[in-house]
Structure formats: C-alpha cells, structure tokens
Amino acid sequence: MSEEFEYCVVDIETSIKNRGDEAIGNNKASPFYPDNKACYIGYKPEDGIESTFNAQNAVGNMGPWILSHYPLLVGHNIKFDLHYLRKTYPDEYYNWVINGGMVWDTQIVEYLLSGQTTKYAKLDDLSVLYGGTVKDDRIKEYWNNDIDTEDIPIDEI
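Residues numbered from 1 in each chain as written. Predicted model: local features only at pLDDT ≥ 70, side-chain atom pairs only at ≥ 80, totals over all residues. Heavy atoms only, no water.

Draft legend 1. Geometry of the layout of surface pockets. Of the volumes computed, that of the largest pocket is approximately 1,900 Å³. Residue lining of the largest pocket: 48 residues in total, with Asp-11, Glu-13, His-76, Leu-123 and Lys-135 positioned closest to the centre. Contributing elements (two or more residues each) for the lining of the largest pocket: strand E1 (7-14), strand E2 (38-45), strand E3 (52-54), strand E4 (72-75), helix H2 (78-88), helix H4 (106-113), helix H5 (123-129) and helix H6 (138-144). Residue contributions to the lining of the largest pocket peak at 6 residues, all from E1. Of the residues belonging to the lining of the largest pocket, the class tally is 20 nonpolar, 14 polar and 14 charged. In this structure, the second largest pocket encloses a volume near 160 Å³. Tallying contributions element by element places H4 first for the lining of the second largest pocket, with 3 residues. (1 Å grid on protein atoms, 1.4 Å probe; cavity = no way out; pocket = protein on both sides within 12 Å on 5 of 7 lines; lining within 4 Å. Points joined across faces, edges and corners; volume = space filled by probe spheres on them. Helix = DSSP H or I, 4+ residues; strand = E, 2+ residues; numbered from the N terminus. Nonpolar A, V, L, I, M, F, W, Y, C, P; charged D, E, K, R; others polar.)

In structure tokens form, the structure reads like this:
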C-alpha cells in the first residue's frame, strides 16, 4: 500500500552578505550568517497551477503558507532552503517538522540512483540528463561579481 502526499517544489533565493573577516565558512549565501536573509521564494505545488517568485515583501507570508499546506517539500540541495525556512519562520518550521514534514532532495536521490557515484550533482547537470533545460547563467554572473540578490532586477530573478 502506498501513501501519497501533497508536495510543493521550493527554491529560496537569498542575500550574499557573508564575506570578509566576519564570514562564516566560504558560502556567501550562508544561512548561518546573521545578515543573510531569504529574498525570494519560488514554489510550484504538485497541481502545477501556481509557479511564482515572490518579492521580498511577500516572502513573510509565503514561507508559512507553504509550510502549513504541504507535508512534502521537494528541492535540489534542499537542506540550504530548509535552513532559511528554519531561520526565517522558526515556529512554522518546527510545527511542520513535528507534524511529519518530509523532504525529497533531488541531489540526494541522484546520488542514490547513480549507485553513489554522482556526489553533489549540480541541478544544471541533472536537468540536461533528464531532458530539461538549463537555467540562465546571468544570475550567477551577478553573484560572481558580488552583486547581492536584492540588487538584481526582479524581472531577471
């Protein structure tokens, strides 16, 4: 007997302020750096009707809504997104966990499907492997030039 769960694909875009002498680790977008924050949340429920990025002023409502409506969150390297959900919405996040919140991480799934030979698979690589398209690299160029996510034109995000 299989049990089905409603799911929502989630991707959180964050600020990249973790630099210099005060940096924590080497990830500019580290969720553990106090000045970093969630800027945009992209989501796509399983029914596929909605798919959007929410501007920062809407992020405050979207995270709790996702956590209260979907027992299964899907994402690539989703531990990163979960850290931000926990940091930004601690009460809602812990309620989601206590109520049986589940995770499907496509990066970990690929590791298992590849017989543990594909470690830390990149989303672009998996997209090509499974017949999808590759995301636009312009955003990566902004980040490589230390332009914070909040300063990237919203229509490009």
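Draft legend 2. Spatial organisation of the pattern of salt bridges. For the structure shown, the criterion picks out 6 salt bridges. Between Arg-19 and Asp-146 there is a salt bridge, with its nearest N and O atoms 3.3 Å apart. A residue pair is termed long-range when its members are at least 10 positions apart, and Arg-19 in the loop between E1 and E2 and Asp-146 in the segment after H6 qualify at 127 residues. Under the relative-accessibility criterion, Arg-19 is labelled partly exposed at 31%. Asp-146 is the partner of Lys-28 in a salt bridge, and the nearest nitrogen-oxygen pair spans 2.7 Å. In this pair, Lys-28 is assigned in the loop between E1 and E2 and Asp-146 in the segment after H6, connecting sequence segments 118 residues apart. Using a relative accessible area of 27% as the deciding quantity, one classes Lys-28 as partly exposed. Among the ionic contacts, a cluster of salt bridges with common partners joins Lys-17, Lys-37, Asp-148 and Glu-150. (Salt bridge = Lys/Arg side-chain N within 4 Å of Asp/Glu carboxyl O. Buried < 20%, exposed > 50% of the residue type's maximum accessible area, 1.4 Å probe, protein only.)

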